[in-house]
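# Working through the structure, step by step
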Amino acid sequence: MEKRRLTYAGKNMVLMLMSCLSMWGIRPVEPLAQSRSITLSSTLSIEQKINSYWALIEKELNADLSLAKTYLTEVNPLVKQLNRDITWGRYYQLKGIIADRSLNIEYALKSLITAAEYFQKSRKYTHQSKVYLDLGNIFQRQWNHQKALEYYHLGINTLQKQTLPNIPLRVELYAHIGRCNLEMKKYFLASEALMKGEALAKKANLPFDLCDILYATGQNQEAQKKYLAALNALKRAYAIATTNHFDNLKMDILGDLSRVSLLLDSIQKAKIYGVKKKETALQLRDSNAVNCGNCLIAQAFFTENKLDSALWYNTMALDGALFKGRDTTERDIWVQRANILTQQNKPFEALQALEKAQALEDSIASGAQKLKAERLRQEMTIRRAVRELEEVFEDKFRRERFIRYAMLLTVFLAALISLFLLFKIQIRQKANRQLKQQNAQIEDQKNQLEQLSQVKDQLFAVISHDLRSPLWAIQAVLDTLNEPDLAPSDRRRWLELLHQQTAKTSVMLENLLYWAKIQMNSYQPSKKEFKLQPIIAELSEAVQLIFLEKTVLIKNKIHPDFTLYSDPGMIRMALRNILANAVKFSHAGQAVEIRAHQEPDECAIQIKDYGIGMSPEQLDKALKGQLSRFGTKGEVGSGMGLSLVKQFIENQGGKLLGECSTNEGCTFTIVLPLKTMSKGPILLHDIKTKKQPRP
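These notes cover the structure that comes with them. Residues take numbers from 1 onward in each chain, read along the sequence in its written order. Owing to the predicted nature of the model, reporting of local features is limited to residues with pLDDT of at least 70; listing and counting of side-chain atom pairs is limited to 80 or more, with chain, interface and lining totals taken over all residues. Computation of side-chain values covers all heavy atoms of the structure but excludes hydrogens and water.

## What about the overall build of the protein chain?
Within the protein chain one finds 23 helices and 7 strands. Counting all 695 residues of the protein chain, 42% fall into the buried class. Expressed as a percentage of contacts within the protein chain between residues at least 6 apart in sequence, the contacts between residues at least 24 apart total 66%. Counting only carbon and sulfur atoms, one obtains 56% of the accessible surface of the protein chain, whose full area is about 39000 Å². A run of DSSP states H or I qualifies as a helix once it reaches four residues; a run of E qualifies as a strand once it reaches two. Both are numbered from the N-terminal end. Under the scheme applied here, a residue whose accessible area is under 20% of the maximum for its type counts as buried, over 50% as exposed, and between as partly exposed, the area being computed with a 1.4 Å probe on protein chains only. Any two residues having at least one pair of non-hydrogen atoms within 4.5 Å are treated as being in contact. Residue exposure ignores everything except the shown protein chains as possible cover, and the areas themselves are Shrake-Rupley values with a 1.4 Å probe.

## What to know about unusual backbone geometry
The general pattern is negative phi for most residues beyond glycine and trans for most peptide bonds. Phi is positive for Lys185, which is not a glycine, with a value near 65°. Here Lys185 shows up in the loop between helix H8 (167-183) and helix H9 (187-204). The exposed category is assigned to Lys185, whose relative accessible area is 62%. Positive phi, close to 65°, is recorded for Lys225, a residue that is not glycine. By the secondary structure assignment, Lys225 is in the loop between helix H10 (207-223) and helix H11 (227-244). Given the relative accessible area of 64%, Lys225 is considered exposed.

## Details of the packing of helix H20 (residues 568-584) against helix H22 (residues 641-651)
Their axes nearest at 9 Å, the elements H20 and H22 cross at an angle of 150°. Regarding the angle of H20 to H22, the classification is roughly antiparallel. Considering only the axes of H20 and H22, their crossing is left-handed. Within the contact between the two elements, H20 uses Met570, Met573, Ala574, Asn577, Ile578 and Asn581 and H22 uses Gly641, Leu642, Leu644, Val645, Phe648 and Ile649. For the contact of H20 with H22, a count of residues per class yields 9 nonpolar, 3 polar and no charged. Only C-alpha atoms enter the line fits that serve as axes; for helices the fit covers just the stretch in contact. Angles between N-to-C directions range over 0 to 180 degrees. Roughly parallel means an angle under 35 degrees; roughly antiparallel means over 145; roughly perpendicular covers 65 to 115; every other angle is labelled oblique. Less than a right angle of anticlockwise turn of the near helix away from the far helix marks a crossing as left-handed, whereas a clockwise turn marks it as right-handed. Under the scheme applied, nonpolar residues are Ala, Val, Leu, Ile, Met, Phe, Trp, Tyr, Cys and Pro; charged residues are Asp, Glu, Lys and Arg; polar residues are all the others, including Gly.

## Let's talk about H9
Expected helix span is given by 1.5 Å per residue-to-residue step, counting one fewer step than there are residues. If you check H9, its first and last C-alpha atoms are 26 Å apart, about what 18 residues at 1.5 Å a residue would give, namely 26 Å. Among the residues making up H9, those that are buried are Ala190, Ser191, Ala193, Leu194, Gly197, Glu198, Leu200 and Ala201. Lining the buried residues of H9 we find H8, H10 and H11. Downstream of H9 by a residue or two, Asn205 has a phi angle that is positive, lying close to 55°.

## Observations regarding the nonpolar core
Only buried Ala, Val, Leu, Ile, Met, Phe, Trp, Tyr and Cys residues count toward a nonpolar core, and they belong to the same one when joined by side-chain atoms within 4.5 Å. Counting residues in hydrophobic clusters, the biggest one holds 53 residues, and the most contacted among them are Leu135, Tyr152, Cys211, Ile253 and Leu257. For this core, the leading source of residues is helix H5 (residues 105-121), giving 8 residues. Sequence-distant contacts of Cys211, defined by excluding residues within four places in its chain, comprise Ala237, Ile240, Ala241, Phe246, Leu249 and Ile253. Ranked by size, the runner-up nonpolar core spans 44 residues in total, among them Phe562, Met570, Ile571 and Leu656.

## Quick look at the pattern of salt bridges
Any carboxyl oxygen of Asp or Glu that lies within 4 Å of a side-chain nitrogen of Lys or Arg is treated as forming a salt bridge with it. Counted by the stated rule, this structure contains 15 salt bridges. Residues joined by salt bridges that share partners form a network here, namely Glu198, Lys202 and Arg236.

## Some thoughts on the sheet that holds strand S7 (residues 665-673)
By this definition, two strands are paired if DSSP reports at least two bridges between them. Ordered by their spatial adjacency, 5 strands build an open sheet running S2-S4-S5-S7-S6, and the pairing between neighbours is mixed. Taken across any chain shown, the strands that pair with only one partner, and hence form the sheet edges, are strand S2 (553-556) and strand S6 (655-661). Averaged over all neighbouring strand pairs, the angle between strand axes comes to 15°, with direction disregarded. Relative to strand S5 (residues 602-609), strand S4 (residues 591-598) is paired through 7 bridges, and the arrangement is antiparallel. Paired with His597 across the strands is Ala604, a residue of S5. Against the sheet, H22 touches S6 and S7, its axis set at about 145° to S6.

See the structure below:
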């Protein structure tokens, strides 16, 4: 921080010296353009090379400005190649600083404003605030305090966008705002800004910034003739400068302390501060400060009415001023010398001193007029440059506003078109949905009609084929029974045959009616709880009566208390069909076993036979109603029994499982959901895995 302050002070001194030389018509000798260039390693990336150039340029800014310009020219192709906003911002920032130190104010302003734009695009707000600080310094040196304040405040507002606050830069901005308001004699605003900067400097532990702000606070209080407050602030600044060895700043503070002490009639302290200023100036080899120190000591002795001592120190200051050259310090020394000689009653020598002072005043006034004219010319140049920049920005803003409005209008029109197209699409989709629904309804009606037609055709086919044969057989038996010479034993046998044919026809007719109801979706199950064992016993007797000549043993192994929650008619029909198939495809003397079992959420009824069985392909066809086979005694079937059972079981929320092997028999299991607890000897998984022995 101290290095930055010293650099800034040195830059101002160089600028003032060059301005005075140009005002007197003396141009400084420009250094020869050095053709030196740097050779960077080829292994470095473009960004690393650019960063190396930045470091070299910053190093040469205070040493060799022409070499800094050379490096800036060399880095330009690399910046173009990388083409990043932050790199362009840094390039124009350094370009503006070099132009400022070359007294090309107009070019410096254009470069720095361009740098601020690039930093804003890349969202590097700290760099952008530093550029605003440089712009404010330029306008403050040109005594355009209002414009300088605008840029200082713009820098503070830009720093607020930064996620991590840069407190040192904010403190520096507040210090410049305070000094700018002090130069404008707006003491209240200056105090407000300096107080904010002081609080931040204390919080962030920035001794140099705190010392500088306290020094400016003392000057502000002195300008308001608040000498005690000014003295306290200057003492605090002096203590910090002494502790941290800020010698240049301490030397300036000592001069103000000596002057304020004289205003408070503390002559001894004023002499002490003057002596300390002189000693510090001698250490720093600052001849102008040494002259100021001697002048302050002489003023203290003059106030104390020790005229010989005052004249002696005044002579020392005058010798130093004459050696240094004409300036306002020499004029003030001659005026002080005239006052001392007047008090010593030496009017002739006092008159000569006043004449010397007047000659210097005329020379300084002439130079001041030239400086004022030069400053006015620069101010006009700056105003013209600012006006041009404002026109460029205004034109750019108008173009951007036109583009923004055009984009908004385009988006609005696109939204309207999109809404219109969306509305049309929704209407079309709605019409398509309605058309699809109508087509689906028509298709459903068509399928229903086709299904009804198939049901009708199949019903007539079954009636004409499967039902007609048993009826002919019954008619033949009845014709035989009508013969008068029929023996009693034959009549009994024919009656049993008639009973069997009637039972078979009844079963077939019942299956046919159930099948028709399912096909026409008119069957509604009626569920209730009932015991299964009595139904199995009844069906066993009926089936054995139908297949009386086979002597197949039906083993009813159902627990007497086993209950079901289902449609009893459906269970009867299903069990009768499966049981009849088991007997029909079993040989004489074999057995059919019936079991019932229970799991936590379902129960199963298993019918197992040991007959001729069937292959898996035949089982699949039988479940679809596409298989019709003859029994072991040549019995004829309709082929719809298993398919009908499967449809009824699934209509009840259950399922029909079949396991068949050729010549080993079949096992059919009806699985139904449970509602009440049932009793059974084993669980359902035992039904599927347990192998029953062949009787």
